2 protein chains.
Amino acid sequence: MTSVVETLSAPTEPACVPATLRIGQLGLGNVGSALARLTASAGERLHPHGIAPVTTVALVRSLSRPRPAAAWVGRVTDDPEVFFAQPLDLVVEVIGGVEPAHSFVRRALDRGIPVVTANKSLVAAHGETLSALARRRGTALRYEASCIAGVPFLGTFERRPLASRVHGLTAILNGTSNAILSAVAAGASFQEALDDAQRRGLAEPDPSADVSGRDAAEKLTLLIRRFGQRLIDVDRLRTEGITALDSIDVRAARALGGALKPVAHASWNTGALQAFVGPAFLSDAHPLARVSGVTNGIVLDAPLGRQCYTGPGAGPDVTAVTLLDDLCELAGERHVRTPAPIEAAPASPRWTLETPWFIRLSGNPPALDTSELLGTYRIWCRQLLPVEGRLYALTFPATPDRIKAGIDAVHAATGSWPLALPALPAEDDAC
Amino acid sequence: MTSVVETLSAPTEPACVPATLRIGQLGLGNVGSALARLTASAGERLHPHGIAPVTTVALVRSLSRPRPAAAWVGRVTDDPEVFFAQPLDLVVEVIGGVEPAHSFVRRALDRGIPVVTANKSLVAAHGETLSALARRRGTALRYEASCIAGVPFLGTFERRPLASRVHGLTAILNGTSNAILSAVAAGASFQEALDDAQRRGLAEPDPSADVSGRDAAEKLTLLIRRFGQRLIDVDRLRTEGITALDSIDVRAARALGGALKPVAHASWNTGALQAFVGPAFLSDAHPLARVSGVTNGIVLDAPLGRQCYTGPGAGPDVTAVTLLDDLCELAGERHVRTPAPIEAAPASPRWTLETPWFIRLSGNPPALDTSELLGTYRIWCRQLLPVEGRLYALTFPATPDRIKAGIDAVHAATGSWPLALPALPAEDDAC
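To start, this report covers the structure provided alongside it. These numbers come from a predicted model, not from an experiment.

Regarding its fold elements, chain A presents 14 helices and 15 strands. The C-alpha radius of gyration computed for chain A amounts to 24 Å, which stays within 12% of the reference 22 Å derived for 431 residues, consistent with globular compactness. A burial count over chain A gives 58% of its 431 residues as buried. A fraction of 72% describes how many contacts in chain A between residues 6 or more apart in sequence connect residues 24 or more apart. As presented, chain A carries roughly 16800 Å² of accessible surface, and 53% of it is formed by carbon and sulfur atoms. Distance from the positive charge centre (41 side chains) to the negative charge centre (43 side chains) of chain A: 3 Å.

See below:
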């Protein structure tokens, strides 16, 4: 070691002058403002990577709104022609939603300009077509920030072909839903929790995409494409929201040794794609059972074992960090890394797997009779627990079809709808 | 979208012929055999990345030992001169230990050949010097597999300058220790658990580096270098093994709402480097409290929130996958990505932080008196619990110095040594 130190004692490394990277930014809202500020304030952290990022131009919908972030941008315009007339090395899309983001991103890729986006709706709807366009034009599309924005993992697996052999995944992808269920578990009512999430800026003024599961379904669509090599239509995903739950359900889950979490799940180890989005019961031993508040997480089931990644799911500052890191990565790649196209026709996700179920039984006749009625549909309760005037059950594994038949029968007999949520196994039993 | 599909309906992508990548493999033991087999069997998964890996030559200590893996290697030699006379595009080091691995890796880097290694002892002892040599020669050194082999994260953060702003970390880095404590928690004796780990091939025939904490200390050394930008000498890390624990301690931790885990911890948010390796009490709310068996994990404390990564920690197949993925990544980089050198002089890690403590009180006089004695050292017990004839305590925060003084006093008074383990906070309280 000493001799090496001596050899190196007079380093002859050339001084590295970072090259200006001219960024065109589509959108200057909450995320866009955070990004423009970060690019201006932290851009020098990219200098050792050879890059000096500059936000040359930002395209906005309306120039009349005051935008403090304009101070960090060379030029703000509401004219797409002006935007695309600038010489740009890279485009970052932070408009959100499918249109007009889609048209602008296509236009950039079509001109060979690499694009970084945080837009899960766009990637869910058009990710494969946009990737194909990027490949054809010899450029790249990156979207690390579109799913669990504060945890870099999509790009990691994209460039690691062996680790990315994954046969299923379970994830908490929506911070608002998770924060609401966590607050309810801590004693708040559902409405209080939602109000609080909105006050804290977690939930949108219209939180329907969050609590309905739509946001998570879009993110699951892109995860299935990346890890499962399957194209699906987000509208064909079995998607349930968290609005059917109440605080007693949440406490009952705790009493049964687990938690109710807003989950997105998919597996393809048997060939057919199984997937659903909705609240599920996770036993305390599940790696995601204690992922609370706005933290998101993903469990990847691989032949050599489970991996779990958790961290901040969203927020302007978290998203801006990931967008700028994506940009830095892109500039450091020797050849354009665009995943191979998916040859197969779009897949139809189903949800027919046998799992245990978390069931809420209530109403008349007495709930114990109800559990007997379920037994006639071969739904056997492994654990029964009375909680605050209701009866809750954890069942032995049953298919969703059988559960639906049993639930319908209970409804016919009692007039009340039992709640039935899948209970996902704490271990990957496909290995 | 339709029009884009039409535009792309006759793809004109050129057929991509992957380039042969000639690998020289240093070592053909357990990991080396798994790697040679994987390279032969799964190498075609790297073709879409432009690479066709071939194990051209393997260097072994002795040719007399039968090596089934030789079937997957062009040539096996025990002569370093023969090894280095081959034309090699990349060297993989899987000998383990510091020498002769160090000399061989230096020789490869000095000739401008990139090196991938799984050797945490080598990287802990000489990582910075070897990186400097690689930088000087315009080549790269990668060691993703040296720490939590089954979870890619080191390279991810290396290329993401903003996400890598981390001010502390807590990790479970040694699978053997964790498997032993998990088995003890499940009812085995310490010796049974160790025997079982050895039977299952988890522990080395000489497991001292695992149970003494040395293995974890080496890994923490490289993590502090990468995330904390500080060079330390592994011998200066406060390092404790798990051998002082018994099964009653483990059950007592469970009764106090947590678990004893073999932890490596470091933080530098106050400027000074704080670090220790050893068993610690993690409350159930800590992200690593349920990381069990051979699973490893790391929590990174960053300004925008905690991230947690868990997965398989070691094993020949897991390590081989990560080595081959590293090799694929290396071949896809535009410029050599070698982290900037660390300018600072070697740091002296200390462990002076105030934390709560998990304390075992036993012997005579009665333990309640003992806790009063601790009180005279301003060590206040928040929770006291008798477990199987002993008394266990969780204290309010106290510095290690104060704990040591109190422990010494208890020893002087009773003749028995209390056990004192830090209880790490479930949340990052530096944010």
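From this point, the discussion proceeds with the structure in view.
This next bit is on helix 10 (residues 214-228) of chain B. Residue and element names in this part refer to chain B. Between its first and last C-alpha, helix 10 extends 20 Å over 15 residues, near the 21 Å set by a 1.5 Å rise per residue. By the criterion of burial, helix 10 is predominantly enclosed, with 14 of the 15 residues buried. Backbone geometry just downstream of helix 10 places Q229 in the positive-phi region, at approximately 55 degrees.

Another aspect to go through is the packing of aromatic side chains. Residues and elements named next belong to chain A. Under the counting rule described, the total for this entry stands at 19 aromatic pairs over all chains. With centroids separated by 5.9 Å and ring planes inclined at 80 degrees, the aromatic side chains of F157 and Y309 adopt a geometry described as edge-to-face. Residue F157 is located in helix 6 (residues 154-158), and its partner Y309 is located in strand 11 (residues 305-312); the two are separated by 152 residues in the primary sequence. Y309 shares its class with F157; the two are buried. Between F276 and W351, the ring centres sit 4.5 Å apart and the planes meet at 50 degrees, which makes this aromatic pair tilted. Of this pair, F276 sits in strand 9 (residues 274-283) while W351 sits in the loop between helix 12 (316-331) and strand 12 (357-361), placing them 75 residues apart in sequence. Take F276: its relative accessible area is 3%, and that puts it in the buried class. On the basis of relative accessible area, W351 is assigned to the buried category, the value being 7%.

With an axial shift of 0.0 Å and an RMSD of 0.0 Å, the rotation relating chain A to chain B amounts to 180 degrees. Such values leave the two copies arranged in the relation of a two-fold axis. In this assembly, 100% of the residues forming the interface of chain A have copies in chain B that are likewise at the interface, indicating an isologous arrangement.

Positionally, D284 of chain A belongs in the loop between strand 9 and strand 10 (295-302). On a C-alpha basis, the gap between D284 of chain A and A58 of chain A in space is 46 Å, while along the polypeptide they are 226 residues apart. Excluding anything up to four places from it in sequence, D284 of chain A contacts R254, G257, G258, A289 and R290 of chain A together with R290 of chain B.

Another point: the pattern of salt bridges. Under the definition given, this model contains 51 salt bridges over all chains. The salt bridge partner of D326 of chain B is R160 of chain A, with a shortest N-O separation of 3.1 Å. Here R160 of chain A lies in the loop between helix 6 and strand 7 (168-172) and D326 of chain B lies in helix 12 (residues 316-331), a pairing that spans two chains. Of the two residues examined, D326 of chain B and R160 of chain A, each falls in the buried class. Connected via shared salt-bridge partners are R142, R159, D325, D326 and E329 of chain A together with R160 of chain B.

What follows concerns the side chain of E329 of chain A. Inspection of the secondary structure assignment puts E329 of chain A in helix 12. A polar side-chain atom of E329 of chain A sits 2.7 Å from a polar atom in the side chain of R160 of chain B.

Before going further, it helps to examine the sheet that holds strand 2 (residues 51-59) of chain B. Within a sheet, each strand pairs with its neighbour through backbone hydrogen bonds, oriented either parallel or antiparallel. Residue and element names in this part refer to chain B. Sheet architecture is open: six strands sit in the order 3-2-1-4-5-6, paired in parallel fashion. Unpaired on one side and paired on the other, strand 3 (75-77) and strand 6 (141-142) mark the two borders of the sheet. Where strand 1 (residues 19-26) lies against strand 4 (residues 90-93), four bridges are found, and the strand directions are parallel. Paired with G24 across the strands is V91, a residue of strand 4. Against the sheet, helix 2 (residues 30-42) engages strand 1, strand 2 and strand 4, with an angle of about 170 degrees to strand 1.

Moving on, we get to the pairing of strand 4 of chain B. Side chains on a regular strand alternate between the two faces of the sheet. Residues and elements named next belong to chain B. Of the two faces of strand 4, the one holding L90 and V92 and the one holding V91 and E93 are both buried throughout. Where strand 4 meets strand 5 (residues 115-117), three bridges bridge the pair, whose relative direction is parallel. Bridge pairing in strand 5 links V92 to V116. Crossover strand 4 to strand 5 through helix 4 (residues 101-110) is right-handed.

Turning to the packing of helix 4 (residues 101-110) of chain A against helix 5 (residues 120-136) of chain A, a few remarks are in order. Residues and elements named next belong to chain A. The geometry of helix 4 relative to helix 5 is characterised by a closest axis approach of 10 Å and an angle of 15 degrees between their N-to-C directions. Between helix 4 and helix 5, the interaxial angle falls into the category roughly parallel. At the point where helix 4 passes helix 5, the crossing takes the right-handed sense. Of the residues in helix 5, those in contact with A101, H102, V105, R106, L109 and D110 of helix 4 are L122, H126, L130, L133 and A134. Residues belonging to the contact of helix 4 with helix 5 are distributed by class as follows: seven nonpolar, two polar and two charged.

What follows concerns the nonpolar core. A general feature of soluble globular proteins is that nonpolar side chains tend to end up buried together. In terms of nonpolar packing, the biggest core is built from 106 residues, with F153 of chain A together with F153 of chain B touching the most fellow members. With residues up to four places along the chain from it excluded, the contact list for F153 of chain A reads E144, C147, I148, L223, F227, I298 and Y309 of chain A.

The next subject is the sheet that holds strand 6 (residues 141-142) of chain A. Residue and element names in this part refer to chain A. With parallel pairing, six strands are arranged side by side in an open sheet as 3-2-1-4-5-6. The sheet is open, and its two edges are formed by strand 3 (75-77) and strand 6, each paired on a single side. Taken strand by strand, helix 2 (residues 30-42) contacts strand 1 (19-26), strand 2 (51-59) and strand 4 (90-93), and its axis lies near 165 degrees from that of strand 1.

The next point concerns the interface of chain A and chain B. Each partner contributes to the interface: chain A provides 63 residues, whereas chain B provides 63 residues. Where chain A abuts chain B, roughly 5500 Å² becomes buried across the two surfaces, and 57% of that area is made up of carbon and sulfur atoms. Counting the surface chain A buries against chain B, the share from its top three residues, R136, R160 and L162 of chain A, is 13%. Linking chain A to chain B there are six salt bridges.

Calculation rules
- Residues numbered from 1 in each chain as written.
- Chains lettered and ligands numbered in written order.
- Predicted model: local features only at pLDDT ≥ 70, side-chain atom pairs only at ≥ 80, totals over all residues.
- Heavy atoms only, no water.
- Helix = DSSP H or I, 4+ residues; strand = E, 2+ residues; numbered from the N terminus.
- Rg over C-alpha atoms; globule rule 2.2 N^0.38 Å.
- Buried < 20%, exposed > 50% of the residue type's maximum accessible area, 1.4 Å probe, protein only.
- Contact = heavy atoms within 4.5 Å.
- Areas by Shrake-Rupley, 256 points an atom, 1.4 Å probe, with all protein chains shown as cover.
- Lys, Arg positive; Asp, Glu negative; His and termini not counted.
- Charge placed at Lys NZ, Arg CZ, Asp CG, Glu CD.
- Expected span 1.5 Å × (residues − 1).
- Phe/Tyr/Trp six-rings, centres within 6.5 Å; stacked < 30°, edge-to-face > 60°.
- Least-squares fit on C-alpha atoms with pLDDT ≥ 70 in both.
- Salt bridge = Lys/Arg side-chain N within 4 Å of Asp/Glu carboxyl O.
- Polar contact = N/O pair within 3.5 Å; in protein donor to acceptor, adjacent residues only side chain to side chain.
- Pairing = 2+ DSSP bridges.
- Axes fitted to C-alpha atoms, helices over the stretch in contact; angles between N-to-C directions.
- Right-handed = clockwise from strand over helix to strand, strands pointing away.
- Parallel < 35°, antiparallel > 145°, perpendicular 65-115°, else oblique.
- Left-handed = near helix turned anticlockwise from the far one by under 90°.
- Nonpolar A, V, L, I, M, F, W, Y, C, P; charged D, E, K, R; others polar.
- Core = buried A, V, L, I, M, F, W, Y, C linked by side-chain atoms within 4.5 Å.
- Buried area = accessible area lost by both parts, 1.4 Å probe.

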